[in-house]
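A look at the structure
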Amino acid sequence: MAVNLIPGEFSAFTIAVAILSGFIVFFGYVSMFIKERMFLSEAFVAVIIGIIAGPLVTNGINPYAWENSDEITKQLTRCIIAIQVMAVGIELPKHYMKKDWLTMFMLLMPVMIFMWLVSGLIVWMFVPPITYLESLVIGACVCPTDPVSRMQQPQFPAAPYYSGNVSLYTR
């Protein structure tokens, strides 16, 4: 990725990175209050902040004005996904994979493959001009069995009571 930056320069990209970094630091300080007192998930708060900081409201982050915006957005997304997956791995109990390997195998192999194929089939049926192979690519993006989406389930103390299932993190 070639992003030409001069130290101390205020470009649209450096302003966007500063806003994202400031949000991460600030949200780290207030996240327990937001999650446990206001019962809001991190994803919901991030979407609201993104709408406010985006081009429709304050124009603090406007990816349309960046040079090479697709590459910058792709690299920022890769970093965010890597951080989220690492956070999920850190929050797992110590011997989780030894204890629940069969559950993980059943979820990741037959269930996830089936969901991917069905998602691709639904996309192929409702979007006529694309092939089934192209619809499988879209189905892979839509298939919701990943650790990051698992992190967005309610995790406040009464979540198992309200949602009807026991969270992985309350064991």
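Residues numbered from 1 in each chain as written. Predicted model: local features only at pLDDT ≥ 70, side-chain atom pairs only at ≥ 80, totals over all residues. Heavy atoms only, no water.

Moving on to the overall build of the protein chain. Helix and strand counts for the protein chain stand at eight helices and zero strands. The secondary structure elements of the protein chain, listed N-terminal to C-terminal, are α-α-α-α-α-α-α-α. Evaluated residue by residue, the protein chain yields a buried proportion of 18% over its 171 residues. Restricting the contact set of the protein chain to residue pairs at least 6 apart, pairs at least 24 apart contribute 46%. Summed over all atoms, the accessible surface of the protein chain reaches about 12,600 Å², with 72% contributed by carbon and sulfur. (Helix = DSSP H or I, 4+ residues; strand = E, 2+ residues; numbered from the N terminus. Buried < 20%, exposed > 50% of the residue type's maximum accessible area, 1.4 Å probe, protein only. Contact = heavy atoms within 4.5 Å. Areas by Shrake-Rupley, 256 points an atom, 1.4 Å probe, with all protein chains shown as cover.)

Summed over all chains, the structure comprises one salt bridge. In this structure, the salt-bridge partner of K74 is E71, at a minimum N-O distance of 3.7 Å. Of this pair, K74 and E71 are both found in helix α3 (residues 69-91), three residues apart, which corresponds to roughly one turn of the helix. Look at K74 and you get partly exposed, because its relative accessible area is 45%. On the basis of relative accessibility, which here comes to 21%, the residue E71 falls in the partly exposed class. (Salt bridge = Lys/Arg side-chain N within 4 Å of Asp/Glu carboxyl O.)

With respect to the helices, strands and loops of the structure, S119 is situated in helix α5 (residues 101-126). Looking at S119, the relative accessible area reads 17%, which means it is buried. With sequence-adjacent residues up to four places away left out, S119 is seen in contact with G139 and C143.

At a closest axis distance of 7 Å, the pairing of α5 and helix α6 (residues 132-142) adopts a crossing angle of 120°. Here α5 is positioned oblique relative to α6, judged by the angle of their axes. As α5 runs across α6, the sense of the crossing is right-handed. Within the contact between the two elements, α5 uses W116, L117, S119, G120, L121, V123 and W124 and α6 uses Y132, S135, L136, I138, G139 and A140. (Axes fitted to C-alpha atoms, helices over the stretch in contact; angles between N-to-C directions. Parallel < 35°, antiparallel > 145°, perpendicular 65-115°, else oblique. Left-handed = near helix turned anticlockwise from the far one by under 90°.)

Take α6 next. Those residues of α6 that sit buried are S135, L136 and G139. For α6, the buried positions fall inside an angular range of 110° around the axis, keeping them on one side. Set apart from the buried face of α6 by more than 90 degrees, the exposed residues are L133, V137 and C141. Elements that come into contact with the buried residues of α6 comprise α5. (Arc of directions from axis to C-beta.)

Another aspect to go through is the UniProt feature "transmembrane region" (unreviewed entry) in the protein chain. As annotated by UniProt and renumbered to match this structure, "transmembrane region" (unreviewed entry) occupies residues 12-31, 43-66 and 104-127. The annotated region residues 104-127 carries 96% helix and 0% strand content, and the separation between its end C-alpha atoms amounts to 32 Å. (UniProt positions renumbered as here; feature names shortened; annotations may be inferred.)

Quick look at α3 now. Along its 23 residues, α3 runs 33 Å from first to last C-alpha, staying within 8% of the 33 Å computed at 1.5 Å per residue. Among the residues of α3, I72, Q75 and V88 are the ones counted as buried. (Expected span 1.5 Å × (residues − 1).)

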